[in-house]
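Survey of secondary and tertiary structure
Chain by chain, the residues run as shown.
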Amino acid sequence: QLTDFENAAFAVLTVLISRVLLAFQLNLYIPLSKVDENMARAHTRDAASKGRFWFRTHMAPPASPLGPDEDPDGCEEMTAYEILTGRG
């Protein structure tokens, strides 16, 4: 069970994350079929450290028009480390 301090820290973190999502107009939607596949992959052993999950390629609205071969709603497979730190 969380202490009062840990509960307050979690509440503040949740508010800060929601404000970032709203301020930068980030879009984290992915198709439901990809969510189902991610859930199935998440139940395997060592999924958090070695598994690959579907995640959006572009979260922010594009600053310039994308090329004809780029999908603004596209998803790709990434590890949890790549999702949190970025690719490249």
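The next thing to look at is the packing of aromatic side chains. What the rule picks out here adds up to zero aromatic pairs. Sitting over the face of the ring of tryptophan 54, lysine 34 holds its NZ or CZ atom 3.8 Å from the ring centroid.

For the rest of this paragraph, the subject is the layout of surface pockets. In this structure, the largest pocket spans a volume of roughly 310 Å³. Around the largest pocket, the lining is made up of 15 residues, and of these Leu28, Phe55, Met59, Ile83 and Leu84 lie nearest the centre. When residues of the lining of the largest pocket are traced back to their parent elements, those giving at least two are strand S1 (52-56), strand S2 (75-79) and helix H4 (80-85). Of all the elements, H4 adds the most residues to the lining of the largest pocket, at three residues. Along the lines of polarity and charge, the residues of the lining of the largest pocket split into eight nonpolar, three polar and four charged.

With that settled, consider the side chain of threonine 79. Relative to the helices and strands, threonine 79 resides in strand S2. If near-sequence neighbours (up to four positions away) are discounted, threonine 79 is found in contact with Gly51 and Arg52.

In this structure, glutamine 25 is a non-glycine residue whose phi angle is positive, near 50 degrees. Tracing the sequence through the fold places glutamine 25 in the loop between helix H1 (4-23) and helix H2 (32-42). With phi around 60 degrees, aspartate 46 is a residue other than glycine that occupies positive phi space. Residue position: aspartate 46 is located in the loop between H2 and helix H3 (47-50).

Turning to a nonpolar patch on the surface, a few remarks are in order. A contiguous nonpolar surface patch, about 290 Å² in accessible area, is contributed by Leu32, Val35 and Met39. When you line up the elements, leucine 32 lands in helix H2.

How each quantity is defined
- Residues numbered from 1 in each chain as written.
- Predicted model: local features only at pLDDT ≥ 70, side-chain atom pairs only at ≥ 80, totals over all residues.
- Heavy atoms only, no water.
- Phe/Tyr/Trp six-rings, centres within 6.5 Å; stacked < 30°, edge-to-face > 60°.
- Lys NZ or Arg CZ within 6 Å of the ring centre and 35° of its normal.
- 1 Å grid on protein atoms, 1.4 Å probe; cavity = no way out; pocket = protein on both sides within 12 Å on 5 of 7 lines; lining within 4 Å.
- Points joined across faces, edges and corners; volume = space filled by probe spheres on them.
- Helix = DSSP H or I, 4+ residues; strand = E, 2+ residues; numbered from the N terminus.
- Nonpolar A, V, L, I, M, F, W, Y, C, P; charged D, E, K, R; others polar.
- Contact = heavy atoms within 4.5 Å.
- Patch = residues over 30% accessible without salt bridge, like charges linked within 9 Å, V, L, I, M, F, W, Y side chains within 5 Å.
- Areas by Shrake-Rupley, 256 points an atom, 1.4 Å probe, with all protein chains shown as cover.
- Salt bridge = Lys/Arg side-chain N within 4 Å of Asp/Glu carboxyl O.

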